Amino acid sequence: MKKEKYKIVVASNNPVKVAAALGGFQKMLPRLSFETEAVSVPSGVADQPMTDAETLLGAVNRVHAAKTAQPEADFWIGLEGGVEMDKGELSAFAWIVVSSKDRLGKARTGAFYLPRAVTELVGQGLEMGKANDQIFSQVNSKQKGGAIGILSDGAVGRKELYEQAVVLALVPFKNEQLYAL
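The present account deals with the structure reproduced in this document.

What counts and what doesn't
- Residues numbered from 1 in each chain as written.
- Predicted model: local features only at pLDDT ≥ 70, side-chain atom pairs only at ≥ 80, totals over all residues.
- Heavy atoms only, no water.
- Pairing = 2+ DSSP bridges.
- Helix = DSSP H or I, 4+ residues; strand = E, 2+ residues; numbered from the N terminus.
- Right-handed = clockwise from strand over helix to strand, strands pointing away.
- Buried < 20%, exposed > 50% of the residue type's maximum accessible area, 1.4 Å probe, protein only.
- Polar contact = N/O pair within 3.5 Å; in protein donor to acceptor, adjacent residues only side chain to side chain.
- Core = buried A, V, L, I, M, F, W, Y, C linked by side-chain atoms within 4.5 Å.
- Contact = heavy atoms within 4.5 Å.
- 1 Å grid on protein atoms, 1.4 Å probe; cavity = no way out; pocket = protein on both sides within 12 Å on 5 of 7 lines; lining within 4 Å.
- Points joined across faces, edges and corners; volume = space filled by probe spheres on them.
- Nonpolar A, V, L, I, M, F, W, Y, C, P; charged D, E, K, R; others polar.
- Phe/Tyr/Trp six-rings, centres within 6.5 Å; stacked < 30°, edge-to-face > 60°.

As defined by bridge partners, strand S1 (residues 6-10) adjoins strand S2 (residues 34-38) across five bridges and the pair is classed as parallel. Bridge assignment links Val10 to a residue of S2, and that residue is Ala38. With respect to chirality, the unit in which S1 leads through helix H1 (residues 15-28) into the neighbouring parallel S2 is right-handed.

Right, here's the structure in full:
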């Protein structure tokens, strides 16, 4: 029997991540109704993950922590932004991990390269959001359009970038018969 509303626990209090999670679910599973609950849980990785693997681990860890914190939910989602050096340039991206009681989906956003000034600050240990705020004279940009929103002049925002990866992470949920456990 179909539920009236499915509960999604988003492993972050960041409103951009919560909106991206809900938007991705609504696009991919439009016949269902969802409610979100944000929960602040640790990623178990650095505040600024510096590799693809560390970023994925942060998203996985957030999902596990959200399941522990809110075991009665229907879905749990971890969204973790990260960076990685690539031939002297710093690329930025995020990993999205979605879990239900019996299924797991994961996807990565597209990647883009950060300006040298941001790269230098991140290399000095500053978290990317704080580096962006400093370089671009912003306040809490990671809870708005993020680096991609600033650099694309709003053509793509952090919500849209993450939302697309949420849709991709939900492919196994949309095609359950093809992804049987």
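With that settled, the discussion passes to helix H4 (residues 128-136). Considered for burial, the residues of H4 that qualify are Met128, Gly129, Ala131, Asn132 and Asp133. The backbone nitrogen of Gly129 has a side-chain oxygen 3.2 Å away, supplied by the residue at the start of H4, namely Glu127. Directly after H4, the chain includes Ser137, whose backbone phi takes a positive value near 55°.

So, on to the nonpolar core. Considering soluble globular proteins, one finds that nonpolar side chains tend to be buried as a cluster. Ranked by size, the top nonpolar core spans 37 residues in total, and within it Phe25, Ile77, Ile96, Val98 and Leu114 carry the most contacts. Of all the secondary structure elements, the ones that give two or more residues to this core are S1, H1, strand S3 (75-86), strand S4 (89-99), helix H3 (116-123), H4, helix H5 (146-151) and helix H6 (158-169). Per-element accounting of this core gives the leading share, six residues, to H6. When sequence neighbours within four positions are dropped, the list of residues in contact with Val98 reads Phe25, Phe75, Trp76, Ile77, Arg103, Leu104, Gly105, Ala169, Leu170 and Phe173.

A few words on the layout of surface pockets. Rolled over the atoms, a probe sized like a water molecule indicates the empty space that remains. The volume enclosed by the largest pocket comes to roughly 650 Å³. Lining the largest pocket are 38 residues, with Lys17, Asp47, Glu127, Lys142 and Arg158 positioned closest to its centre. Within the residue set of the lining of the largest pocket, elements represented by two or more residues are S3, S4, H4, H5 and H6. Here the lining of the largest pocket is built from residues that sort into 17 nonpolar, 13 polar and eight charged. In this structure, the second largest pocket spans a volume of roughly 240 Å³. Along its surface, the second largest pocket is lined by Tyr6, Leu29, Leu32, Asp74, Phe75, Ser100, Lys101, Asp102, Arg103, Phe173 and Glu176. Of the residues contributing to the lining of the second largest pocket, the split by class is five nonpolar, one polar and five charged.

Moving on, we get to the packing of aromatic side chains. Following the criterion strictly, the structure yields six aromatic pairs and no others. Measuring from centroid to centroid gives 6.2 Å for Tyr6 and Phe34, while their planes differ by 50°, and the two rings are tilted. Residue Tyr6 is located in strand S1, and its partner Phe34 is located in strand S2; the two are separated by 28 residues in the primary sequence. The same class applies to Tyr6 as to Phe34, namely buried. Put simply, the rings of Tyr6, Phe25, Phe34, Phe75 and Phe173 pair up and form one aromatic cluster.

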